[in-house]
Amino acid sequence: MGLNIVVLVKQVPDTKNVTGKAMKDDGTVNRAALPAIFNPEDLHALEAALRIKDAHPDTRVNVITMGPPAAAQVLKESLFRGADFVALITDRKFAGADTLATSYALSCAIRKIGAVDLVLCGRQAIDGDTAQVGPQTAEKLGMNQITCVSDIAELDAKKRTISARRSIEGGFELVKAKLPVLLTVTDEGFEPRPPSARRVMMYKNAVASASNDASYDECYMNASACADDDIIALWDIASIKADPEACGLAGSPTKVKKIDSVVLTAQDIRMVDASESGIAALVHELIADHTIG
Amino acid sequence: MNKNNVMVFVQQDDGVVADVSIELLCKARELADSLHVSVEAAFLGDKLAAAAKALLAYKVDRVNLMQSEHLAHYTPLPYTQVMVDLIKEREPQIVLYGATTTGRDLGPRIASALKVGLTADCTDLQIGDHELGGTTYKNILYQIRPAFGGNIIATIVSPEKKPQMATVREGVMKLTAQEPGYKGEVIEYKPGIGVDLLVSQILESVREEKTVNLKGAQIIVAGGMGAGSKEGFDQIVKLAQALNAEVGASRAAVDAGWVNKAHQVGQTGTTVRPKLYIACGISGSIQHRAGMAESSRIIAINSDPQAPIFQIAHYGIIGDLKDVIPAFIKAYKNKA
Ligand SMILES: Cc1cc2nc3c(=O)[nH]c(=O)nc-3n(C[C@H](O)[C@H](O)[C@H](O)COP(=O)(O)OP(=O)(O)OC[C@H]3O[C@@H](n4cnc5c(N)ncnc54)[C@H](O)[C@@H]3O)c2cc1C
Ligand SMILES: Cc1cc2nc3c(=O)[nH]c(=O)nc-3n(C[C@H](O)[C@H](O)[C@H](O)COP(=O)(O)OP(=O)(O)OC[C@H]3O[C@@H](n4cnc5c(N)ncnc54)[C@H](O)[C@@H]3O)c2cc1C
């Protein structure tokens, strides 16, 4: 028995390679100046979905991202790894969204896909770093959630139950829930598979095309029909039936007031000679002022 | 009692109140005093009457106690419903949650249900004014948080919607003295929880006893990749033992398997502010510094004079750990 799964993935600037121009003066991300990558934990979420598909062959893995047109790259990478259907939600009206507005738009897109058994996301995106989009999307869908999942112990498609291992401070919980449920996945498990060479050949020229038809089946294209293009569905605000007032800047209660780059606070540092006598003098001083006992 | 107060979600696990919740009650008192309002706690669980009373000593004016067997252990749907109902009734202007796995599971659901803002993983909270579209919003909450992997610090505001909500990292807010006999009240509710919300079941829950007490340590000796090997790291542990200090570590040292994750200091580990922090063979990445930069004194031992750790250290020793650590232990033993 197959499942209908949605995986939420985000293209993020690689925050390990941030240059001085990471943020624009208006406080928005200067994406142009940063290499864009697949959010690391989202690759683990995709892997979790693909493993479910391996075990339950009729499963359909739908991958959705919201972002600028360039974000289609993470959808291509999802196709390379085994996604069945991918959609890019893109519209100027989504710009400036905080997590509330982001989760609203994503929940509208998930509704468009129809009856979904499982929604998988990464725990946290490495740019916004909030880990809020998953739970907020679940709430908007009226769906239960299990966050910080490192493993799925059991998935019973007939009884429609799932047991997942959830990381908590200093340990874990094993949580059993009924489907449908949203999981947020950490990078502790589900080591992502590499792209399949065959699928890379098949989808390397995939491009996004607007297919704003109401019907999901029309948006979905099978691999043979779409070997060269049109494989990435393009959804705008109207096609997911989202209320513009709840999207983008307009639908975002949080505002960035100020951004400070973290600069090292150079201070008066006293260099201590690495010789035995130098270290002995330091230790003596620390004992004298009661820093060490 | 008036509404418009500062509310803290007080997390308990098996009846034990989370440290971060106490830290937040202390911070809430400070915020409430500057806003001339009261502090409220939202306390959910089962059989908590005594624990609820004990919260008053943190100068809490009102503990909203919500008890039910279905709240004994945290699960998202019942907790969300109870909190949403309470917030609608009490109309606080600010609600704070610890940025624990529970707080970060619950807070976003509540924000989504109430359609209000939520700022994640704050390291500071202040009160100030904000101009937006020609209007000045007085006395709103500045929610200060690192983002972008710690490369930036953002100040976030949500002036137009109430409550303003934030999750706050453990260990960043200072504890203040208790006041036994503080005159607050415990108001008890018996929340009705529909069976349709009981869709999660905790089959097993394992929490290791905290054997590592980084937060409470006065002295921390921390090791990084510079230790070179498990044996090298053990030398650092020896220094810690000699100084009666706790052992800290960089994530790289944890990932290398030299030391347990419970010892990790930093953005994804513990935030510490000891009297003395000795960083041995730690380069001083932004994520590591996020957890220790507030230490009163920092000694950095590193073979690379360019290592960024020297820029926040008070004492620097340029040298090889293999020589410096034994010399340190020897010097201490001779003096003591
Ligand atoms: C400096 C800075 C600070 C910010 N602080 C806050 C804040 O405190 N509160 C707030 O509400 N907003 C905040 N934002 C806005 C927030 O970053 C954006 O709303 C962002 O689109 C989503 O949040 P995130 O990156 O934290 O995602 P997370 O919530 O960390 O993402 C979790 C998972 O949700 C899924 N997901 C997230 N975004 C998308 C997407 N666009 N498409 C598909 N799947 C997705 C992915 O699976 C991802 O792994 C901040 C932005 C900046 C630049
Ligand atoms: C999202 C995210 C979260 C993270 N969270 C954390 C976190 O919570 N905590 C954390 O620590 N890191 C964290 N990191 C990792 C962080 O970026 C660094 O990779 C890590 O802190 C480096 O550890 P290190 O300093 O031990 O190793 P390195 O950076 O490799 O530094 C080793 C240092 O040892 C010195 N050295 C080498 N040999 C010797 C010798 N014989 N004697 C003396 N010195 C020597 C070197 O000069 C060098 O400075 C995080 C990263 C990411 C992306």
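Please refer to the structure placed before this passage.
Thresholds, definitions, all that
- Residues numbered from 1 in each chain as written.
- Chains lettered and ligands numbered in written order.
- Predicted model: local features only at pLDDT ≥ 70, side-chain atom pairs only at ≥ 80, totals over all residues.
- Heavy atoms only, no water.
- Contact = heavy atoms within 4.5 Å.
- Buried area = accessible area lost by both parts, 1.4 Å probe.
- Salt bridge = Lys/Arg side-chain N within 4 Å of Asp/Glu carboxyl O.
- Polar contact = N/O pair within 3.5 Å; in protein donor to acceptor, adjacent residues only side chain to side chain.
- Helix = DSSP H or I, 4+ residues; strand = E, 2+ residues; numbered from the N terminus.
- Nonpolar A, V, L, I, M, F, W, Y, C, P; charged D, E, K, R; others polar.
- Pairing = 2+ DSSP bridges.
- Buried < 20%, exposed > 50% of the residue type's maximum accessible area, 1.4 Å probe, protein only.
- Axes fitted to C-alpha atoms, helices over the stretch in contact; angles between N-to-C directions.

A. Focus on the interface of chain B and chain A. Between chain B and chain A, the residue contacts involve 76 residues of the former and 74 residues of the latter. Contact between chain B and chain A buries roughly 6500 Å² in total, counting both sides, with carbon and sulfur atoms accounting for 57%. Applying the counting criterion to the chain B and chain A interface returns 5 salt bridges. Residue B:Arg109 is joined to A:Glu139 by a salt bridge in which the shortest nitrogen-to-oxygen separation is 2.9 Å. At the junction of chain B with chain A, the criterion picks out 34 residue pairs in polar contact (both at pLDDT 80 or more). Broken down by element, the side of chain B that touches chain A gets its largest block of residues, 9 residues, from helix α4 (residues 101-114) of chain B. Residue classes in the side of chain B that touches chain A are distributed as 39 nonpolar, 21 polar and 16 charged. The pairing of strand β13 (residues 255-261) of chain A with strand β10 (residues 152-157) of chain B spans 6 bridges and is classified as antiparallel. Bridge assignment links A:Lys255 to a residue of β10(B), and that residue is B:Val157.

B. Broad picture of the pattern of salt bridges. As enumerated under the stated definition, the model contains 32 salt bridges over all chains in all. Across the pair A:Arg51 and A:Glu47 runs a salt bridge whose closest N-O atoms are separated by 2.9 Å. Of this pair, A:Arg51 and A:Glu47 both sit in helix α1 (residues 40-55), 4 residues apart, roughly one helical turn. Relative accessible area serves as the criterion here: at 37%, A:Arg51 is assigned to the partly exposed category. B:Lys47 is the partner of B:Asp46 in a salt bridge, and the nearest nitrogen-oxygen pair spans 3.7 Å. By relative accessible area, which is 26% here, B:Asp46 ends up partly exposed. For B:Lys47, a relative accessible area of 73% puts it in the exposed group. Connected through salt bridges with shared partners, the residues A:Glu47, A:Arg51, A:Asp54 and A:Arg193 form a single ionic network.

C. Structural view of the sheet that holds β13(A). With respect to topology, 4 strands assemble into an open sheet ordered β13(A)-β10(B)-β9(B)-β8(B), the strand pairing being antiparallel. Where the open sheet ends on each side, the last strands, each with one partner, are β13 of chain A together with β8 (124-132) of chain B. Taking each pair of neighbouring strands and ignoring which way they run, the sheet shows an average axis angle of 35 degrees. Along the sheet face, helix α1 (residues 19-35) of chain B touches β8 and β9 (135-147) of chain B and points at about 40 degrees away from the line of β8(B).

In short, shape yes, function no, at least from these values alone.
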